[in-house]
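Chain by chain, the residues:
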Amino acid sequence: MGCCSVTQRNTGTDEVGPDEIELLEINNAGLWSLSESRLQISTRNGTDEGPHRCPSVRHLKQEEPDPVSVRNQTKHNHSQLVVWGWTKKELHHRLYTHPIREWEGQAPHTYGDIIHSSSVYLHSGYTKAMSERYLVLFSFHLLILALDSANREFIYEGILPLSAIEVHLISQLDPSSPHMFEISGPMVDSKIFICTSAAEKNAWMENIEERRYKSLRQQLSPSHSALSYLVPCDENWKKEELKRYLLRSPILQWEGTPIQHMGYPKYLSLVHISNIYTQGSQERLLVLFPFDLLILSLDCHHVRVKYEGRLPLKSIKAMERSALPGRLEFELTGELMEPLLVSCIYPEDYQSWIFQLQQPDKVADSLSHHTPPPLMPKKRRS
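The name recorded for the protein chain in an unreviewed UniProt entry is PH domain-containing protein, from Phoxinus phoxinus.

Have a look at this one:
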């Protein structure tokens, strides 16, 4: 594959490999597309003008601003010193071209254009302490970075999909009080950020709401969804990419502990699950975590993930259902649940699930009975 151009070899998903997945990026329309070169990203973001965004409902009600004044204001914002004596334009270029400490997942440029960014303070509700952060708003994600001022480095703290969060204004009766807003969601811990001015707070509120609205309304087709390239996860590289995808993407109707607090997935695969007492099966994505088995479902186009439930590993057990050739089935049993029949697609998935989930019988009994150690025979004198 050349470094200067990439052509799509097939319109389907079978011909897409790990190299193509790395080149998938989100464009301004919110669709995944194959970029021609990574260098185009930094070049495009090196221009003076910011990305063109569709106006929100609030903006449509206002009189259209003068294009010359908007351009001048954009240049002024990009030329202002932000942190470490660098301008916002220089920081944006650095985010795309320099490594970020402890970074996880796909490269920053694959998230598309930077819509807004600024230095804020993270407020702890428990200790009341404040620590500086740098927020970066992409088209459909919010990046949170810590700052190492001594080494002038950014430290990765997380990236949140806008469709999985909500932003709330924290109103203050005293005008001199800090300008704060809160980010929360079913899959993330609540975070309170303090801005340096009311104008900066309003800018964050408006930009996040505008991009969040686009994210929620955007209907992705299978050919543009990164998830559709990874499912079925019939290769190891697809499984690894899918693990990272689930940790940073919204999951519909999520309940309980955020997925990021469940640890890193140990194994996953597509299976068919049915109740052993009823007819019919349903496609499910099983994800094995250190202490839980997560059950997810996908829509028919493989572009949306939905939460179906989780089972504690200590309360379930897998039993081989049949050893007949071509029947890769095992029975999932446990306390306070009806037995489930799980059918795997590939033999390696079946073997992995049996190895991971099978618990030898009477393990608890053998641990509860304390048998004394055997007596050592006495040595005889010669």
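On we go from here.
Here we come to the sheet that holds strand 9 (residues 166–170). Strand order across the open sheet formed by 7 strands is 8-7-6-5-11-10-9, with antiparallel pairing between neighbours. This sheet does not close on itself; its edge strands, each paired only once, are strand 8 (153–161) and strand 9. For this sheet, the mean angle separating the axes of adjacent strands, direction not counted, is 35 degrees. Pairing between strand 9 and strand 10 (residues 179–185): 5 bridges, direction antiparallel. In the sheet register, Ile170 faces strand 10, and the bridge partner there is Met180.

This part is about the packing of aromatic side chains. Within this structure, the stated rule accounts for 9 aromatic pairs. Ring centres 5.6 Å apart and planes at 40 degrees place the aromatic pair Tyr134 and Phe154 in the tilted group. Of this pair, Tyr134 sits in strand 6 (residues 130–138) while Phe154 sits in strand 8, placing them 20 residues apart in sequence. We note that Tyr134, like Phe154, is buried. Taken together, the ring pairs connect Trp84, Trp86, Tyr134 and Phe154 into an aromatic cluster. Positioned over the ring face of Phe140 is Arg211, at 5.4 Å from the centre of the ring.

It is worth spelling out helix 9 (residues 347–357) at this point. Looking only at helix 9, the buried set comprises Asp349, Tyr350, Trp353, Ile354 and Leu357. Down the axis of helix 9, the buried set is contained in an arc of 130 degrees. They therefore lie on one face. Exposed and facing more than 90 degrees away from the buried side of helix 9 are Gln351 and Phe355.

Turning to the environment of Ile144, a few remarks are in order. Locating Ile144 in the fold gives a position in strand 7 (residues 141–148). Sequence separation between Ile144 and Tyr156 is 12 residues, and the spatial gap between their C-alpha atoms is 6.7 Å. Dropping the residues within four chain positions of it, Ile144 is found in contact with Arg133, Tyr134, Leu135, Ile155, Tyr156, Glu157, Gly158, Leu160, Lys191 and Phe193.

For the rest of this paragraph, the subject is the pairing of strand 13 (residues 282–288). For strand 13, the tally of buried residues reaches 5 of 7 residues, placing the bulk of the element in the interior. Here strand 12 (residues 267–275) pairs with strand 13 via 7 bridges, running antiparallel. Residue pairing in the sheet places Tyr267 in a bridge with Leu288 of strand 13. Where strand 12 folds back onto strand 13 in an antiparallel hairpin, the turn is made up of 6 residues, including Gly280, whose phi is positive at roughly 90 degrees. The sheet contact formed by strand 13 and strand 14 (residues 292–298) spans 4 bridges and is antiparallel. Following the sheet pairing, Leu286 is matched in strand 14 by Ile295.

Attention shifts here to the nonpolar core. Residues Leu242, Leu246, Ile259 and Leu296 are the most contacted members of the largest nonpolar core, which totals 25 residues. Contributing elements (two or more residues each) for this core: helix 7 (226–230), helix 8 (236–248), strand 12, strand 13, strand 14 and strand 15 (305–312). Of all the elements, helix 8 adds the most residues to this core, at 5 residues. By size, the runner-up hydrophobic cluster in this structure holds 21 residues, among which are Leu286, Leu288, Leu313 and Val342.

Along the chain, Thr110 turns up in the loop between helix 5 (88–97) and strand 5 (114–123). Looking at Thr110, its side chain comes within polar contact range of the main-chain oxygen of Ala107, at 2.5 Å.

For the rest of this paragraph, the subject is the sheet that holds strand 13. As summarised here, the arrangement of the 7 strands in space is 15-14-13-12-18-17-16, forming an open sheet in which the pairing is antiparallel. The two strands at the open ends of the sheet, each matched to only one other strand, are strand 15 and strand 16 (316–320). Geometrically, the sheet is characterised by an average inter-axis angle of 35 degrees between neighbouring strands, direction not taken into account. Sheet topology note: the strand 16/strand 17 (residues 329–334) ladder contains 5 bridges and is antiparallel. If you follow Glu320 over to strand 17, its bridge partner there is Phe330. Sitting on the sheet, helix 8 touches strand 12, strand 13, strand 14 and strand 15, and the angle it makes with strand 12 is about 80 degrees. Of the strands in this sheet, strand 12, strand 13, strand 14, strand 16, strand 17 and strand 18 (340–344) touch helix 9, which is tilted by about 90 degrees from strand 12.

About the thresholds
- Every chain's residues receive numbers from 1 upward, in the order its sequence appears when written.
- This being a predicted model, a pLDDT of at least 70 is required before a residue's local features are given, and a value of 80 or more before pairs of side-chain atoms are given or counted; all residues contribute to the totals for chains, interfaces and linings.
- Side-chain numbers come from the whole structure's heavy atoms, not from hydrogens or water.
- When DSSP finds two or more bridges between two strands, those strands count as paired.
- For helices the rule is a DSSP run of H or I covering at least 4 residues; for strands it is a run of E covering at least 2, with both sets numbered from the N terminus onward.
- For helices, the axis comes from a line fit to the C-alpha atoms of the stretch in contact; other axes are also lines fit to C-alpha atoms, and the angle between any two N-to-C directions lies between 0 and 180 degrees.
- Only Phe, Tyr and Trp rings are paired, with Trp represented by its six-membered ring, and only when their centres lie within 6.5 Å; those with planes under 30 degrees apart are stacked, over 60 edge-to-face, the remainder tilted.
- Summary of the burial criterion: residues with accessible area below 20% of their type's maximum are buried, those above 50% are exposed, and those between are partly exposed, where the area comes from a 1.4 Å probe applied to protein chains only.
- In this scheme, the term charge over a ring applies when either NZ of a lysine or CZ of an arginine sits within 6 Å of the ring centre and within 35 degrees of the ring normal.
- Directions pointing from the helix axis toward each C-beta atom define the arc.
- Two residues form a contact once any of their heavy atoms are found within 4.5 Å.
- Nine residue types can take part in a nonpolar core, namely buried Ala, Val, Leu, Ile, Met, Phe, Trp, Tyr and Cys, and a core is a set of them joined through side-chain atoms within 4.5 Å.
- Polar contact is defined as a pair of N or O atoms within 3.5 Å, subject to the rule that within protein one atom must be able to donate a hydrogen and the other to accept it, and that residues adjacent in sequence are counted only when both atoms are side-chain atoms.

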